[in-house]
Amino acid sequence: MLFRLSAKGYLDREELSGERQVAVDETHIGRRVREIRSFRGMSLTATAQLAGMAPSYLSMIERGLRPVNQRATLEALANALRVSPAELTGKPYAPTDAASEEAHSHIFEVEDAMTAWRIGEVPDAPARPWQQVSAELDLLNLTLRPNADYAAQGALLPSLIRDLLVAASDPKRRTAALVGLIATYKAVAYFAHDLGVAGLPVLAVERMREAAEELDDPVWLSYAAYQRAQLISGTNRSRQYDLAVQTAQVPGARVEVHGLAHLTAALACASRGDADAAQTHLTEATALADRIEPDVSPWMQTNFGRTNVGIWKVSIGLELGAGAKVREIASTVRPAGVSKSRQAQFWIDVGRGLLTERKHRDQGLAAILEAEKLAPQKVRNNVFVRESVAGLLAQARREAGGRDLRGLAYRVGVAPSG
């Protein structure tokens, strides 16, 4: 049984030769694992041993029968094959809708603005009124980035970077412009990270550090250090952990930065299977969140607070193998109040967990569809959503999933091919 795109805009079922199967498609990680393993001349058994898993499990991953739905699994496979995780995820993904197409169309312009000027260099452009620049900065930080609107961010970022660099050359605007550049470079980092633009997140973090050094303030230096820890390659969790712990101990940093650093340290531990250390850092983050009033801090739109710590607990529980039991962790979280992007992440993770058990798959699919309503571009660029959806298709029977599953598969770009 194959699912194919129809003129109706969703995937129709088609029985072929009486068989109930979904063709192994190039959209899933397993196929890329198999191709790279074969290219390197590595046996399935040797690769599985290096990745710390059973050969039978790796075989199911390669055949698309088991989705790769944890960072630890993805990173173990990448390390075993001596490639970056991006080589296995296949990012950037081909656009699947108008918003994706627009976001991709701006990547070169964003890269050009990032590489053309360093902090202290002034573009040859007229200075715009600060009120206009400030309004666009608010649009970016208060609306576009919290909503994970990559298309609109991509359109705004290049000119905003240039305008802020020009404004930073004016002594009257220098501090505000440098702080604005830190926020804008942060937006670039996550725009590039989520779309899968290799190298650009690291450059954005470096630009944040340069701006923080110009400000010479521990608040901004620690904030840039946290972003470095958060965005470091997933194949080096030990280094991520060290950087996060260092940031959590920096004197003069804001409580939000200390708390976020502990959350990053917890995720690094969870990705390495160290549940005790992850819990230690979660406890530290929880204590720091209790000092935040209101619950969701507005500072730099970090969302840090009790609600966001709860969302991180769901993510970390998932990494530690909670599977469908993640719903018990999620039951205490009320995500309303944080940004749509963070709310979407909550529902993505709840959905991923529920989809690991057949009896909860309808609920899992509903959770991911809820995430898609909140932040469609984020969901459609999430590797674990794509893997989970591809896994559902691979295991589908005649009536499994229905139109909701087929429609989601089409929108995220994992519609199987014949």
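Residues numbered from 1 in each chain as written. Predicted model: local features only at pLDDT ≥ 70, side-chain atom pairs only at ≥ 80, totals over all residues. Heavy atoms only, no water.

Here the focus is the layout of surface pockets. Empty space within the second largest pocket amounts to approximately 320 Å³. Elements with a contribution of two residues or more to the lining of the second largest pocket: α18 (340–354) and α21 (383–394). Top contributing element to the lining of the second largest pocket by residue count: α21, with three residues. Along the lines of polarity and charge, the residues of the lining of the second largest pocket split into five nonpolar, 10 polar and three charged. (1 Å grid on protein atoms, 1.4 Å probe; cavity = no way out; pocket = protein on both sides within 12 Å on 5 of 7 lines; lining within 4 Å. Points joined across faces, edges and corners; volume = space filled by probe spheres on them. Helix = DSSP H or I, 4+ residues; strand = E, 2+ residues; numbered from the N terminus. Nonpolar A, V, L, I, M, F, W, Y, C, P; charged D, E, K, R; others polar.)

This brings us to the packing of aromatic side chains. Going through the model one piece at a time under the given rule, you end up with four aromatic pairs. Here the aromatic rings of W220 and Y223 are separated by 6.3 Å at their centres, their planes lie at 85°, and the arrangement is edge-to-face. Of this pair, W220 and Y223 are both found in helix α12 (residues 218–231), three residues apart, which corresponds to roughly one turn of the helix. Pair check on accessibility: W220 and Y223 agree, each one buried. You can call Y223 buried: its relative accessible area is 0%. Put simply, the rings of W220, Y223 and W299 touch in pairs and so form one group of aromatic residues. The positively charged end of R386 is found above the aromatic ring belonging to Y93, 3.5 Å away from the centroid. (Phe/Tyr/Trp six-rings, centres within 6.5 Å; stacked < 30°, edge-to-face > 60°. Buried < 20%, exposed > 50% of the residue type's maximum accessible area, 1.4 Å probe, protein only. Lys NZ or Arg CZ within 6 Å of the ring centre and 35° of its normal.)

In the predicted model, the protein carries a mean pLDDT of 90, and the fraction of residues at 70 or more is 91%. Low pLDDT, under 50, characterises residues 1–25; the predicted model gives this stretch 64 contacts beyond four residues in sequence or across chains. (pLDDT = per-residue confidence, 0-100. Contact = heavy atoms within 4.5 Å.)

This brings us to the packing of helix α10 (residues 174–195) against α12. At a closest axis distance of 12 Å, the pairing of α10 and α12 adopts a crossing angle of 5°. As the angle between them shows, α10 and α12 are arranged roughly parallel. Facing V179, I182, K186, A189, Y190 and H193 of α10, the residues of α12 in contact are W220, Y223, Q227, Q230 and L231. Classifying every residue of the contact of α10 with α12 by side-chain character gives seven nonpolar, three polar and one charged. (Axes fitted to C-alpha atoms, helices over the stretch in contact; angles between N-to-C directions. Parallel < 35°, antiparallel > 145°, perpendicular 65-115°, else oblique.)

The biggest cluster of nonpolar side chains holds 94 residues, and the ones touching the most others in it are I182 and W220. Ignoring any residue separated from it by four or fewer positions in sequence, one finds W220 in contact with V179, I182, A212, L215, W299 and M300. In this structure, L77, L88, Y93 and V383 belong to the second largest nonpolar core, which totals 21 residues. (Core = buried A, V, L, I, M, F, W, Y, C linked by side-chain atoms within 4.5 Å.)

Let us now look at unusual backbone geometry. Geometrically, the link from K91 to P92 is a cis peptide bond, its omega value of -5° lying close to zero. By secondary structure assignment, the location of P92 is in the loop between α5 (85–89) and α6 (98–105). Along the chain, E293 connects to P294 via a cis peptide bond; the corresponding omega equals 0°. For M300, which is not glycine, the phi torsion reads 55° and is therefore positive. If you trace the backbone, M300 turns up in the loop between α15 (275–289) and α16 (306–319). In the Ramachandran plot, N303 falls in the positive-phi region, its phi being about 65° despite a non-glycine side chain. Mapping N303 onto the fold places it in the loop between α15 and α16.

Here we take up the side chain of R237. Its location among the elements puts R237 in helix α13 (residues 237–248). With a relative accessible area of 10%, R237 lands in the buried category. At 2.5 Å, the side chain of R237 and the side chain of E75 are in polar contact. Discounting residues that sit within four places of it in the chain, R237 has contacts with R71, E75, A268, S271 and R272. (Polar contact = N/O pair within 3.5 Å; in protein donor to acceptor, adjacent residues only side chain to side chain.)

With that out of the way, let us pick up the pattern of salt bridges. It is possible for side chains bearing opposite charge to pair when their charged atoms get close. One pass over the structure, following the stated rule, counts 18 salt bridges. In this structure, R37 engages E62 in a salt bridge whose closest nitrogen and oxygen atoms are separated by 2.7 Å. Residue R37 is found in helix α1 (residues 29–40), and its partner E62 is found in helix α3 (residues 55–62); the two are separated by 25 residues along the sequence. When its relative accessible area of 11% is taken as the criterion, R37 is described as buried. Residue classification places E62 among the buried residues on the basis of a relative accessible area of 4%. E256 serves as the salt-bridge partner of R254, at 3.0 Å between the closest nitrogen and oxygen. (Salt bridge = Lys/Arg side-chain N within 4 Å of Asp/Glu carboxyl O.)

Bringing empty space enclosed by the protein into the picture now. Evaluated as defined, the whole model comprises one cavity of 30 Å³ or more. Of the volumes computed, that of the largest cavity is approximately 50 Å³. Lining the largest cavity are Y93, A94, P95, T96, S100, H104, R380, N381, R386 and V412. Residues of the lining of the largest cavity, tallied by class, amount to four nonpolar, four polar and two charged.

Within the secondary structure, K340 is located in helix α18. Separated by 193 residues in the primary sequence, K340 and N147 have C-alpha atoms spaced 5.2 Å apart. Excluding residues within four positions of it along the chain, K340 makes contact with P146, N147, L374 and A375.

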